[in-house]
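Observations on the model geometry
The residues making up each chain are set out below.
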Amino acid sequence: PTAAGDMAQTPEALTRQGMAAHQAGDLDGAERHYRAVLASSPAFPAALHYLGVVLYQRSRMDEALPLLDRAATLQPHEPEFHNNRGLALAAAGRDREAVAAYRRALALKPDHAGAFCNLGLALQATGDVEGAIATYRQGLLLAPEFPQLHWNLALALLLRGDMGEGWREYEWRLRTPELAPFLHRYAGARWTGDDPAERTILLTAEQGLGDALQNLRFASVVAARGARVVVAVPDALRNLAATVPGVASAHALEAALPHYDAQLSLMSLPGALRIALADLDVPVPYMRADPARLANARQQVAQAAGNALKVGVAWAGAPGNSLNAKRSVPLAAFAPLLDLPDVCWFSLKREGEAITPADATCAKRLVELDLRNDFDGLAALVDSLDVVISVDTSLAHLAGALGKPVWVLLAKLPDWRWFLDRADSPWYPSARLYRQQVAGDWSAPLRDIGAALSTLTNDR
């Protein structure tokens, strides 16, 4: 008979210990156990696979994928091996291979709701939005209460401009484990879109600054229906939110709030109002920079630029955003544009933010005003420029809300709010959209922006 102490060291037992640590979020402990297994049993499929998952979770794809490949070869009939391998392939930008991996997982386990969700995302990443929608719907036939399937369906529907069903499905985000823990909870009845006349409606921000800037426009619609509208937003946006027509008062998210009769998230507001594509365009500006800050900004900008075209640039989004790598442009890629004559470039990124060693040389060619370091100052700076060039970040929404000409650089597969295959935006009449033609390649949109800037300077 085998002693109990020896049993603890079998590959199976060590792998179970690793999986327990893994499920508890202890990646270091999990990795130690998996590597201990492989030291004595280098072809043990479960240890190979879950060590690959740990490395994938640590964004070490070059190390993760060979392990995941080998495990799937050794144990080809395990659906989870193919599903997780698909996740790593997608993270490595190998979306078509990810599609094949998810399809293999579903062939082995046709009711794998997570694999349907992942397959839809991978299809969407390849540009097959209709295929993604069909996949999400197929998954929902099997798992009708799976919130991520509903949420991803919502994003795909909104991307193609299907507002009605898209807004309804978007409410499922409130039940997803990824988002639900980060939402503020407010007491009182949830406003359903019924007649708000003579009631106070609290509208609250969730998710990012850009989301709040974008949907604050609809506060005016609620006010026009007879409501007294108060809003709760990140403190950085409080002063700007107070300038939106129809907003009676604006408060920081953590501040004490006045009495209200019902509340609703700004991200749920379009659905409650039954907003259609034609309703997105509102009179701009629907926000205004502080007059004193604006006068100061115009003075500083004029002093720096003289008679040159005044252009602001935001080349990267918030560093913590998981999509930042796909939506950001290396500042060095702007180098040919920085050489254009009669153009003065202003940085719209906060001091020290998003500057990599590769960007440092180009950053020295931008005018860096202290105004950019707080949101009210940034709004005044943006309002003082001739053109804003921005990746898909809150800066693009700020410029659009202020009614400034804004040229938005978009990845091949953009966020849902920019739709597909159009050069304008129904959200912001002052926006032009410059899209990647090839995923990851910014050369074509930057070339087009350079030509547009040359036209502007020649026409002055």
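Residues numbered from 1 in each chain as written. Predicted model: local features only at pLDDT ≥ 70, side-chain atom pairs only at ≥ 80, totals over all residues. Heavy atoms only, no water.

**With respect to the packing of helix 10 (residues 147–159) against helix 11 (residues 163–170)**
Between helix 10 and helix 11, the shortest axis-to-axis distance is 8 Å and the interhelical angle comes to 150 degrees. Compared by their axis directions, helix 10 and helix 11 come out roughly antiparallel. With respect to the hand of their crossing, helix 10 and helix 11 are arranged in left-handed fashion. Residues H150, W151, L153, A154, L155, L157 and L158 of helix 10 pack against M163, E165, G166, W167, E169 and Y170 of helix 11. By residue class, the composition of the contact of helix 10 with helix 11 is 9 nonpolar, 2 polar and 2 charged. (Axes fitted to C-alpha atoms, helices over the stretch in contact; angles between N-to-C directions. Helix = DSSP H or I, 4+ residues; strand = E, 2+ residues; numbered from the N terminus. Parallel < 35°, antiparallel > 145°, perpendicular 65-115°, else oblique. Left-handed = near helix turned anticlockwise from the far one by under 90°. Contact = heavy atoms within 4.5 Å. Nonpolar A, V, L, I, M, F, W, Y, C, P; charged D, E, K, R; others polar.)

**Some words on the pattern of salt bridges**
Counted according to the given criterion, the structure contains 22 salt bridges. A salt bridge links R35 to E31; its shortest N-O distance comes to 2.9 Å. Of this pair, R35 and E31 both sit in helix 3 (residues 27–40), 4 residues apart, roughly one helical turn. Taking relative accessible area as the criterion, R35 reaches 38% and is therefore assigned partly exposed. One network of salt bridges, with partners in common, ties together D28, E31, R35 and R58. (Salt bridge = Lys/Arg side-chain N within 4 Å of Asp/Glu carboxyl O. Buried < 20%, exposed > 50% of the residue type's maximum accessible area, 1.4 Å probe, protein only.)

**Some remarks on the sheet that holds strand 3 (residues 247–252)**
Consider a sheet: its strands pair through backbone hydrogen bonds, and that pairing is either parallel or antiparallel. As summarised here, the arrangement of the 4 strands in space is 3-2-1-4, forming an open sheet in which the pairing is parallel. One side of each edge strand has no neighbouring strand; the edge strands of this open sheet are strand 3 and strand 4 (262–265). Mean inter-strand twist for the sheet, computed between neighbouring axes without regard to direction, equals 25 degrees. Here strand 1 (residues 200–204) pairs with strand 2 (residues 228–233) via 5 bridges, running parallel. Across the sheet, the residue bridging to T204 is A232, located in strand 2. (Pairing = 2+ DSSP bridges.)

**Topic: the sheet that holds strand 5 (residues 309–314)**
If you walk across this open sheet you meet the 5 strands as 6-5-7-8-9, and the pairing is parallel. Two strands lie at the open edges of the sheet, namely strand 6 (343–347) and strand 9 (431–435), each paired on one side alone. For this sheet, the mean angle separating the axes of adjacent strands, direction not counted, is 20 degrees. Where strand 5 and strand 6 come together, 5 bridges link them in parallel fashion. Its bridge partner lying in strand 6, K310 is registered against C344.

**Let's talk about the state of the cysteines**
A covalent bond bridging the sulfur atoms of two cysteines is what the word disulfide describes. Taken as a whole and assessed by the stated rule, the structure comprises 0 disulfides. C362 carries a free sulfur, and the closest cysteine sulfur to it, the one in C344, is 15 Å from it. Classification of C362 as buried rests on a relative accessible area of 7%. (Disulfide = S-S within 2.5 Å.)

**Here's the deal with the nonpolar core**
Within soluble globular proteins, side chains that are nonpolar generally end up buried alongside one another. L203, V231, L269, M287, L348, V382 and L398 are the most contacted members of the largest nonpolar core, which totals 129 residues. Not counting chain neighbours up to four residues away, the residues in contact with L203 comprise A219, V229, V230, V231, A232, L264, L266 and L269. Core analysis: the next-biggest nonpolar cluster, separate from the first, contains 27 residues, V311, L338, V387 and I389 among them. (Core = buried A, V, L, I, M, F, W, Y, C linked by side-chain atoms within 4.5 Å.)

**Regarding the packing of aromatic side chains**
For the structure shown, the criterion picks out 8 aromatic pairs. Their ring planes at 50 degrees and their centres at 5.9 Å tell us that W407 and Y434 sit as a pair that is tilted. Here Y434 lies in strand 9 and W407 lies in strand 8 (residues 406–410), a separation of 27 residues in the sequence. The pair W407 / Y434 is uniform in exposure class, with both members buried. Ring centres of W416 and W427 lie 6.3 Å apart, and the angle between their planes is 75 degrees; on these two criteria the pair is classed as edge-to-face. Of this pair, W416 sits in the loop between strand 8 and strand 9 while W427 sits in the loop between strand 8 and strand 9; the two residues are 11 residues apart in sequence, bridging distant segments of the chain. As far as burial versus exposure is concerned, W416 and W427 are alike and both buried. Aromatic ring contacts, followed pair by pair, group W167, Y170, F218, W416 and W427 into a single cluster. (Phe/Tyr/Trp six-rings, centres within 6.5 Å; stacked < 30°, edge-to-face > 60°.)

**Observations concerning the side chain of H251**
By the element assignment, H251 lies in strand 3. A polar side-chain atom of H251 sits 2.8 Å from a polar atom in the side chain of S249. Aside from chain neighbours lying at most four places away, what touches H251 is V230, V231, A232, V233, R238, A256, L257 and P258. (Polar contact = N/O pair within 3.5 Å; in protein donor to acceptor, adjacent residues only side chain to side chain.)

**Remarks on the pairing of strand 1**
Burial analysis of strand 1 places 5 of its 5 residues in the buried class, which makes it a mostly covered element. Every second residue of strand 1 is oriented toward a common face, with T200, L202 and T204 on one face and I201 and L203 on the other, all of them buried. Taken together, the 4 bridges between strand 1 and strand 4 define a ladder with parallel strand orientation. Bridge pairing in strand 4 places T204 opposite S265.

**So, the packing of helix 5 (residues 61–74) against helix 6 (residues 79–91)**
Interaxial distance between helix 5 and helix 6 falls to 10 Å at its minimum, and their mutual angle equals 155 degrees. On the basis of the axis angle, helix 5 is roughly antiparallel to helix 6. Relative to helix 6, helix 5 is oriented so that their crossing is left-handed. Along its contact with helix 5, which presents M61, L65, L68, D69, A71 and A72, the element helix 6 presents F81, H82, N84, R85, A88, L89 and A91. Each residue belonging to the contact of helix 5 with helix 6 can be placed in one class, and the counts come to 9 nonpolar, 2 polar and 2 charged.

**A closer look at the environment of R137**
Relative to the assigned elements, R137 resides in helix 9 (residues 129–142). For R137 and L149, which are 12 residues apart along the polypeptide, the C-alpha to C-alpha distance reads 8.0 Å. Residue contacts for R137: discarding those within four places in its chain leaves L153, L157, R160 and E165.

Read these as spatial facts, not as claims about activity.
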